[in-house]
Amino acid sequence: MEKKGYSRPGLFGTVNHYDAKGHKIGESRPSLFGGMNNYDARGHKIGESRPGLFGGVNHYDDRGHKMGESRPGFCGYNHYDRKGHKDGHSNPGLLGGWNHYND
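My aim in this report is to walk through the structure given alongside it, one point at a time. Owing to the predicted nature of the structure, the values given are computational and were not obtained by experimental measurement.

Conventions used here
- Residues numbered from 1 in each chain as written.
- Predicted model: local features only at pLDDT ≥ 70, side-chain atom pairs only at ≥ 80, totals over all residues.
- Heavy atoms only, no water.
- Helix = DSSP H or I, 4+ residues; strand = E, 2+ residues; numbered from the N terminus.
- Buried < 20%, exposed > 50% of the residue type's maximum accessible area, 1.4 Å probe, protein only.
- Contact = heavy atoms within 4.5 Å.
- Areas by Shrake-Rupley, 256 points an atom, 1.4 Å probe, with all protein chains shown as cover.
- Phe/Tyr/Trp six-rings, centres within 6.5 Å; stacked < 30°, edge-to-face > 60°.
- Lys NZ or Arg CZ within 6 Å of the ring centre and 35° of its normal.
- Pairing = 2+ DSSP bridges.
- Axes fitted to C-alpha atoms, helices over the stretch in contact; angles between N-to-C directions.
- Salt bridge = Lys/Arg side-chain N within 4 Å of Asp/Glu carboxyl O.

1. Describing the overall build of the protein chain
Here comes step 1: Helix and strand counts for the protein chain come out as zero helices and ten strands.
Here comes step 2: In the protein chain, the succession of helices and strands from N to C terminus is β-β-β-β-β-β-β-β-β-β.
Here comes step 3: Relative to its full complement of 103 residues, the protein chain shows a buried share of 30%.
Here comes step 4: A sequence separation of at least 24 residues applies to 12% of the contacts in the protein chain between residues at least 6 apart.
Here comes step 5: About 7,100 Å² of surface is accessible on the protein chain, with carbon and sulfur atoms providing 56% of the total.

Shown next as C-alpha cells:
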C-alpha cells in the first residue's frame, strides 16, 4: 500500500490535490448540480465527478467518458477503474481532507 497523495479543503468549497511529496497537482471546484469539476495544476479542466447511486461518485474525463468510480467502504472510499477493478482507496485525514493510497 503506497500513499499516492492527499486532498485538503480549499476556499469556497474547492478541494486542493497534492502528490505524495506535497506538490499541488490540481483542484476540484463545485459544479452546478452537486458534482465537482476537476482541474490540473495549470487550471485546465481534466474532467468531472458526479454523484452516483448509493453514495458513490462517478468520474469522467474532459470528453465525458467514464474513467472510474468511488464507492463508500468500511472507513473511507474504495476506487475502481473503468473496468470495475479496484485500484486504490482513500481514508479521512486527521486534520480534514483525505489521504489517497494505491492498492
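There is more to say after this.
2. Regarding the packing of aromatic side chains
Here comes step 1: This structure, assessed with the given rule, holds two aromatic pairs.
Here comes step 2: When the centroid spacing of 5.7 Å and the interplanar angle of 75° are considered together, the rings of Tyr77 and Trp98 count as edge-to-face. Note that Tyr77 is positioned in strand S8 (residues 76-81) and Trp98 in strand S10 (residues 98-102), a separation of 21 residues in sequence.
Here comes step 3: Trp98 sits in the partly exposed class, given a relative accessible area of 31%.
Here comes step 4: Here Arg29 stacks its cationic end above the ring of Tyr39, 4.0 Å away from the centre of that ring.
Here comes step 5: The ring of Tyr80 carries Arg71 above its face, with NZ or CZ at 4.0 Å from the centroid.

3. Observations regarding the pairing of S10
Here comes step 1: Both strand S1 (residues 2-9) and S10 contribute to a ladder of five bridges, which runs antiparallel. Within S10, the position partnered with Gly5 by the bridge is His100.

4. Considerations on unusual backbone geometry
Here comes step 1: We note that Phe12 has phi near 55°; this positive angle belongs to a residue other than glycine.
Here comes step 2: Within the element layout of this structure, Phe12 appears in the loop between S1 and strand S2 (15-19).
Here comes step 3: Under the relative-accessibility criterion, Phe12 is labelled exposed at 79%.
Here comes step 4: Positive phi, close to 60°, is recorded for Phe54, a residue that is not glycine.

5. Focus: the sheet that holds strand S9 (residues 86-92)
Here comes step 1: A barrel is described by the order of its strands in space; here ten strands give the closed sequence S1-S2-S3-S4-S5-S6-S7-S8-S9-S10, paired in antiparallel fashion. Put simply, the sheet's adjacent strands are angled 25° from each other on average, direction ignored.
Here comes step 2: Two strands pair when backbone bridges link them, and strand S5 (residues 45-51) and strand S6 (residues 57-61) are joined in this way by five bridges, in the antiparallel orientation. Residue pairing in the sheet places Pro51 in a bridge with Val57 of S6.

6. Some details on the pattern of salt bridges
Here comes step 1: Going through the model one piece at a time under the given rule, you end up with six salt bridges.
Here comes step 2: Glu27 is the salt-bridge partner of Arg29, the closest N and O atoms lying 2.6 Å from each other.
Here comes step 3: As a salt-bridge pair, Arg50 and Glu48 come within 3.1 Å of each other at their nearest N and O atoms.
Here comes step 4: Judged by its relative accessible area of 34%, Arg50 is partly exposed.
Here comes step 5: In this structure Glu48 comes out as partly exposed when scored by relative accessible area, which is 21%.
Here comes step 6: A single salt-bridge network, built from bridges that share partners, covers Lys24, Glu27 and Arg29.

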